[in-house]
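# Observations on chain architecture
Okay, here's what each chain looks like letter by letter:
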Amino acid sequence: MPAFAEHRDRLAAAMAERGAWPERSLWIRQAVEALPRDEFAPARLWRWDGHAYLPVDREADAERWAAELYGDPYAAAVTQITGGLPTSSLSCQAVVVDMLDSLLLEPGHRVLELGTGTGWNAALLVRRAGSGRVTSIEVDPALADQARARLGPAVDVRVGDGAHAGGGPYDRVIATYAVDDIPWEWVAQTRPGGRIVSPWGRLGHVALTVADDGRSASGWVQGLARFMPARGTATPARAFAQIRGSAPAEDERAFVRDLTPLRDDQHLLFALRVALPELHVTTATDADGVNAWLHDGLSSWATLSATPSGRTIAHQGGPRRLADELDHAWSAWTSAGSPDLYDYGLTVTPDEQYAWTGDPLTGPRWQRRPPAA
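To start, this report covers the structure provided alongside it. No experiment lies behind these values; they were computed from the predicted model shown.

Definitions and limits used
All residue numbers here refer to positions counted from 1 along the written sequence of the relevant chain. Given that this is a predicted model, residues contribute local features only at a pLDDT of at least 70 and side-chain atom pairs are listed and counted only at 80 or more, while totals for whole chains, interfaces and linings are drawn from all residues. Water and hydrogen atoms play no part in the side-chain values, which are based on all heavy atoms of the structure. The criterion for an aromatic pair is that two Phe, Tyr or Trp rings (for Trp, the six-membered ring) have centres within 6.5 Å, with stacked assigned to planes under 30 degrees apart, edge-to-face to planes over 60 apart and tilted to the rest. Secondary structure elements are defined from DSSP: runs of H or I of at least 4 residues count as helices, runs of E of at least 2 residues count as strands, and each element is numbered from the N terminus. Exposure is judged per residue with a 1.4 Å probe applied to protein chains only, and the accessible area is read against the type maximum: over 50% gives exposed, under 20% gives buried, and values in between give partly exposed. Lysine and arginine charges are scored as sitting over a ring when NZ or CZ, respectively, is within 6 Å of the ring centre and within 35 degrees of the ring normal. The salt bridge criterion pairs a side-chain nitrogen of Lys or Arg with a carboxyl oxygen of Asp or Glu, the two atoms within 4 Å. A pair of strands counts as paired when DSSP detects no fewer than two bridges linking them. Whether two residues are in contact is decided by their heavy atoms, any of which lying within 4.5 Å being enough. Within 3.5 Å is the distance limit for a polar contact, defined as a pair of N or O atoms, with the added protein rule that one can donate a hydrogen and the other accept it, and that residues adjacent in sequence qualify only through two side-chain atoms. Of all possible arcs, the one meant is that of the directions from the helix axis to the C-beta atoms.

### Considerations on the packing of aromatic side chains
Evaluation of the coordinates by the stated rule reveals eight aromatic pairs. With 5.4 Å between their ring centres and 65 degrees between their planes, F270 and Y344 make a pair best called edge-to-face. With a gap of 74 residues between them, F270 in helix α10 (residues 266-275) and Y344 in strand β17 (residues 344-348) connect regions that are remote in the sequence. A residue is classified by how much of its surface remains accessible, and F270, at 2% relative accessible area, is buried. Judged by relative accessible area, Y344 falls into the buried class, the value being 3%. Aromatic rings pair up to connect W200, F270, Y344 and W366 into one cluster. We note R365 situated over the ring of Y354; from NZ or CZ to the ring centre the distance is 3.8 Å.

### Quick look at the pattern of salt bridges
The full count for this structure, using the stated rule, is 18 salt bridges. Residue D145 pairs with R148 through a salt bridge whose shortest N-O separation is 2.9 Å. Of this pair, D145 and R148 both sit in helix α6 (residues 141-151), three residues apart, roughly one helical turn. Overall, the relative accessible area of 32% leaves R148 in the partly exposed class.

### A look at the pairing of strand β8 (residues 170-175)
Across the six residues that make up β8, a large majority, six, are buried. By the bridge criterion, four bridges tie strand β5 (residues 111-114) to β8 in an arrangement that is parallel. Within β8, the position partnered with E113 by the bridge is I174. Summarising the sheet, β8 and strand β9 (residues 190-200) pair through four bridges and their orientation is parallel. Following the sheet pairing, R172 is matched in β9 by R195.

### What to know about the side chain of T118
As for its placement among the helices and strands, T118 is situated in the loop between β5 and α5 (120-129). Beyond its immediate sequence surroundings of up to four residues, T118 is in contact with F40, P42, T79, L90, A147 and R150.

### Re the environment of Q80
Along the chain, the position of Q80 falls in strand β3 (residues 77-82). Separated by 37 residues in sequence, Q80 and G117 have C-alpha atoms that sit 9.6 Å apart. Side chain to side chain, Q80 and T87 meet in a polar contact 2.8 Å long. Of note is the side chain of Q80, whose polar atom sits 3.3 Å from the side chain of D140.

### Some thoughts on helix α2 (residues 26-34)
Buried within α2 we find W27, I28, A31 and V32. The buried residues of α2 all sit within an arc of 135 degrees when viewed along its axis, so they share a single face. Residues L26 and Q30 are exposed on α2 and point more than 90 degrees away from its buried face. At its buried positions, α2 is contacted by α4 (93-103) and α5.

Here's what the structure looks like:
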């Protein structure tokens, strides 16, 4: 029996139990079985212990290393730490499979992959598209060299910025890192009728089809996907504690909502991410109920605190009233019938991009980037 076979089989069975193997793309399971994750993972992975990332080395503890790699269909394995923070990972198997299914890849397609990482996703792409049909861009030269050694000549691995990749037109484009806005260059490098799949907004992934005239791309959210952001993507300049400071709250009022959906409802969280993209929400539960901390990364904050009486009290500070904005966006979502994340889509043109629900032309929309002057 090959090394880690039991771990591979357990993960495959867990995916089958959850219905995570797509019926329309049987090639994906065959490719995953032929190209297992452990053949692309580095000898050192990283595990979060609640306080810091600790190394897990294959040579020192092969079982723990394999458990980190094959533990759950929706768990990524961290493969690189920089400055104490994860900067690369072997993406969770269920989401990799879901995104490949969304790509609608066929033999012979020319594919552009943004974010080579370990090379596992590129290897799966080659299994379907064919040798020499995949170009993969990686910003980190060391990661690119390692992936190139694993993949051989079947994939053209290049070092560069994925936002400005050339070499098109491609039939398919797939990104392995999250972006808040789809670069127009990706659309320009995709042929009319071609498909672009990317994690978007750090909560879901979208599949866009390029219009016949090549002047826009539009499509639906396909599922949940938490991916690392593109290198250089700005993180909040200030954490909650820095923004909150020690000054008294400027506003206090009752917040008359059950906060459980804010903790548990991925569809609500996705809707809030669309309506308030700069809002950061953290929740925790104590004996009194669900509590929430809100901030915009700049200068405004709010807390939603459960009390023993069963009430929730909002305290706010800064130029914006984030609890009020959250309440308004939540009400708008429920008034619209509480659309789930699969009811949302994205449209990209050279001058603007916007999210929408229901219909790209007539449905409600949220501007992501204002039209160029």
